[in-house]
Amino acid sequence: MLMTYQPKKRHRAKEHGFRKRMKTSSGQDVLKRRRLKGRKKLSA
C-alpha cells in the first residue's frame, strides 16, 4: 500500500498559511471565526 500523504512544509504553508488566508475576504472570515472560538493556532 502506497502512503498517500507526503508532507511538505512549504506547500502546506502556501495552501493553508496565514498569508494566504489574509489575502481573501473569505479567508479573513475563517481567521475571524477561529479567533472568536479562541484557537491557539489560527492557520498552518
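Structural notes, computed from the coordinates. Computed from a predicted model, the values in this text were never measured in an experiment.

What counts, and at which threshold
- Residues numbered from 1 in each chain as written.
- Predicted model: local features only at pLDDT ≥ 70, side-chain atom pairs only at ≥ 80, totals over all residues.
- Heavy atoms only, no water.
- Helix = DSSP H or I, 4+ residues; strand = E, 2+ residues; numbered from the N terminus.
- Buried < 20%, exposed > 50% of the residue type's maximum accessible area, 1.4 Å probe, protein only.
- Patch = residues over 30% accessible without salt bridge, like charges linked within 9 Å, V, L, I, M, F, W, Y side chains within 5 Å.
- Areas by Shrake-Rupley, 256 points an atom, 1.4 Å probe, with all protein chains shown as cover.
- Salt bridge = Lys/Arg side-chain N within 4 Å of Asp/Glu carboxyl O.
- Lys, Arg positive; Asp, Glu negative; His and termini not counted.
- Charge placed at Lys NZ, Arg CZ, Asp CG, Glu CD.
- Contact = heavy atoms within 4.5 Å.
- Expected span 1.5 Å × (residues − 1).

Quick look at the overall build of the chain now. When helices and strands are counted, the chain shows three helices and zero strands. Tracing the chain from N to C terminus, the helices and strands come up as α-α-α. The dimensions of the chain, computed from C-alpha atoms along their principal axes, are 40 × 20 × 15 Å. Sorting the 44 residues of the chain into buried and exposed places 11% on the buried side.

Side chains of Arg 10, Lys 14, Arg 19 and Lys 23 sit close together on the surface and give a patch of like positive charge. When residues of the positive patch are traced back to their parent elements, those giving at least two are α1 (9-16) and α2 (18-23). Tracing the backbone through its elements, the reader meets Arg 19 in helix α2. For Arg 19, a relative accessible area of 72% corresponds to the exposed category.

For Ser 43, the position within the fold is in the segment after α3 (25-37). In contact with Ser 43, not counting residues within four places along its chain, are His 16, Gly 17, Phe 18, Arg 21 and Leu 31.

This brings us to the pattern of salt bridges. Counted by the stated rule, this structure contains one salt bridge. Taking the shortest distance from any N to any O, the salt bridge between Glu 15 and Lys 20 comes out at 3.7 Å.

To continue, consider α3. In an α-helix, one turn spans 3.6 residues; hence positions three or four apart end up facing the same way. The terminal C-alpha atoms of α3 lie 18 Å apart, and with 13 residues this matches the ideal 18 Å at 1.5 Å per residue to within 8%. One or two residues past the end of α3 sits Gly 38, with phi positive at roughly 90°.

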